[in-house]
Amino acid sequence: MDRPALTVRSLMADEGLGIELSLMAGAAGLDRPIMNTRIQKSGLALVGHFHGIVPTRVQILGQTELSFLHKLSREDRLLSLRGFFELGLSCVILTQGDQPFETNSSGIGFFPVPELAQCAEESGTPLLMSAVRSSVTITALHALLDDRLAPRIRLHGVLVDVFGVGLLLVGSSAIGKSECALDLVMRGHRLVADDAVECDYRPPGMVFGAPAELLRYHLEVRGLGILNVKDLFGVTSIRERKRIDVVVKLVEWSRDTEYDRLGLDERFHTILGVKIRELVIPVRPGRDMASILEVAARNELLKNAGFHAAREFFGNVEGELLGERPPKESSAPPPARLAEEWTHRSAAPPGAPRPPRPGQDPPVPPSSACRQPQERGWTPPERPSSGFVATESSVSLPRPRRRG
């Protein structure tokens, strides 16, 4: 892992900073290194409390600190500032130092505290001035230092963007990483880097990959040579930078090796101190590796959304085996209920209204106009028994007609 350093001279000349820094004093220390991405506002250090001060950080003195120094006597200011600058600081930046000083205000301005320049020259500490507020200065410094001082490492592999998921393909040489990347590019996905992937850390816990400058847009395929993916497939087939979401380790298939077939155990690959999910996929003739990698990217999107197919499946299996799942209710009544209901109905006298079924409203008594014929004094003739006994399921069947 390579952890770069940035000198104060390079910080002032960097165009990516976005704000202008001017040198007030301490030119002898312009080559001091800045090795930390965070800054410090050193208010307590001005009263003699130096605990927690990191010399390799950029120190900020805003208008609150300047107004405090202005209210001290000259002897107290010299005592406080000499102890502060003798810590071997990388640099000290004053914010809004070019504005006129107002005695009755918050103490805006640099010139009422000339001891700052005196102590900076004595210790050889660069004293810089920013014309903007402390918040703007701190934001610009954080954005630049996060990029310039990010921990970096170069890995051997291929980085592709599949459905917005960064897949880093790693494995032994000639395992087929570049061929997989070429197949994915032909399916509409994007190539980031081939062979050499420049990885850098970004807070709070992300690792980004980019191509090496000399290998940008190029892909090596054995038998074809070096290909320019941008010229072959257009600008939509490449990407300058992508976060690494999944590490796919391609290995040669072996009959004696046990591979993951369930998807419950998660493996992780550590890059720059960040744990990234790792998949081990065996390679053998006949396997469509591009389709497998596309499904791996889709599955990663589902996991990020909170859906884990393997865990849900095994949860259902365990629930079924332990009997925790409730049985599905059927709309048909059980056979015992049918027999009890038919016995109750057959015991009722002829012409009596049938009792209501469970869950039904009670029947409404018929009016005189709608009475049955036997209730008006007429009795139907008896039919000879044909040996056919009506059941509940055969009531709706038509009766057989007698011939002759």
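Reference entry: report on the structure contained in this document.

Cut-off values and rules
Residues numbered from 1 in each chain as written. Predicted model: local features only at pLDDT ≥ 70, side-chain atom pairs only at ≥ 80, totals over all residues. Heavy atoms only, no water. Core = buried A, V, L, I, M, F, W, Y, C linked by side-chain atoms within 4.5 Å. Buried < 20%, exposed > 50% of the residue type's maximum accessible area, 1.4 Å probe, protein only. Helix = DSSP H or I, 4+ residues; strand = E, 2+ residues; numbered from the N terminus. Contact = heavy atoms within 4.5 Å. 1 Å grid on protein atoms, 1.4 Å probe; cavity = no way out; pocket = protein on both sides within 12 Å on 5 of 7 lines; lining within 4 Å. Points joined across faces, edges and corners; volume = space filled by probe spheres on them. Nonpolar A, V, L, I, M, F, W, Y, C, P; charged D, E, K, R; others polar. Axes fitted to C-alpha atoms, helices over the stretch in contact; angles between N-to-C directions. Left-handed = near helix turned anticlockwise from the far one by under 90°. Pairing = 2+ DSSP bridges.

1. Quick word on the nonpolar core
Judged by nonpolar contacts, the single largest core of 26 residues is most densely connected at Val 160, Leu 167, Leu 191, Val 248 and Leu 293. Elements with a minimum of two residues in this core: strand 8 (152-162), strand 9 (165-171), helix 6 (177-186), strand 12 (218-221), strand 15 (246-252) and helix 8 (289-304). Tallying contributions element by element places helix 6 first for this core, with five residues. Those residues in contact with Val 160, other than ones at most four positions away along the chain, are Val 165, Gly 166, Leu 167, Ala 181, Leu 184, Arg 190, Leu 191 and Val 192. In terms of nonpolar packing, the next biggest core, distinct from the first, is built from 20 residues, Ile 19, Ala 140, Leu 141 and Leu 145 among them.

2. Some points on the layout of surface pockets
Of the voids in this model, the largest pocket is the one considered here, and its volume is about 800 Å³. Lining the largest pocket we find 25 residues, and of these Asp 260, Gly 263, Leu 279, Val 280 and Asn 299 sit closest to its centre. Of all the secondary-structure elements, those providing two or more residues to the lining of the largest pocket are strand 17 (274-283), helix 8 and helix 9 (309-322). Among the residues making up the lining of the largest pocket, the classes are represented as 11 nonpolar, three polar and 11 charged.

3. Some thoughts on the packing of helix 3 (residues 74-85) against helix 4 (residues 115-123)
Two numbers describe how helix 3 lies on helix 4: the axes approach to 9 Å, and their chain directions differ by 35°. Taken as a pair, helix 3 and helix 4 cross one another with a handedness that is right-handed. Every residue of helix 4 that contacts helix 3 at Arg 74, Arg 77, Leu 78, Leu 81, Arg 82 and Phe 85 is listed here: Glu 115, Leu 116, Gln 118, Cys 119, Ala 120, Glu 122 and Ser 123. Across the contact of helix 3 with helix 4, the residue classes tally to six nonpolar, two polar and five charged.

4. What to know about empty space enclosed by the protein
For the structure shown, the criterion picks out one cavity of 30 Å³ or more. Take the lining of the largest cavity: its biggest share by element is four residues, from strand 10 (residues 190-202). Taken together, the residues of the lining of the largest cavity sort by class into seven nonpolar, one polar and four charged.

5. Notes on the pairing of strand 7 (residues 127-130)
Remark: a regular strand shows side chains that alternate across the two faces of the sheet. Across the two faces of strand 7 the burial is the same, with Leu 127 and Met 129 and Leu 128 and Ser 130 all buried. Here strand 2 (residues 21-25) pairs with strand 7 via four bridges, running antiparallel. Each residue of the ladder has a partner; that of Ala 25, found in strand 7, is Leu 127. Relative to strand 7, strand 6 (residues 91-95) is paired through four bridges, and the arrangement is parallel. When the bridges of strand 7 are listed, Ile 93 appears paired with Leu 128.

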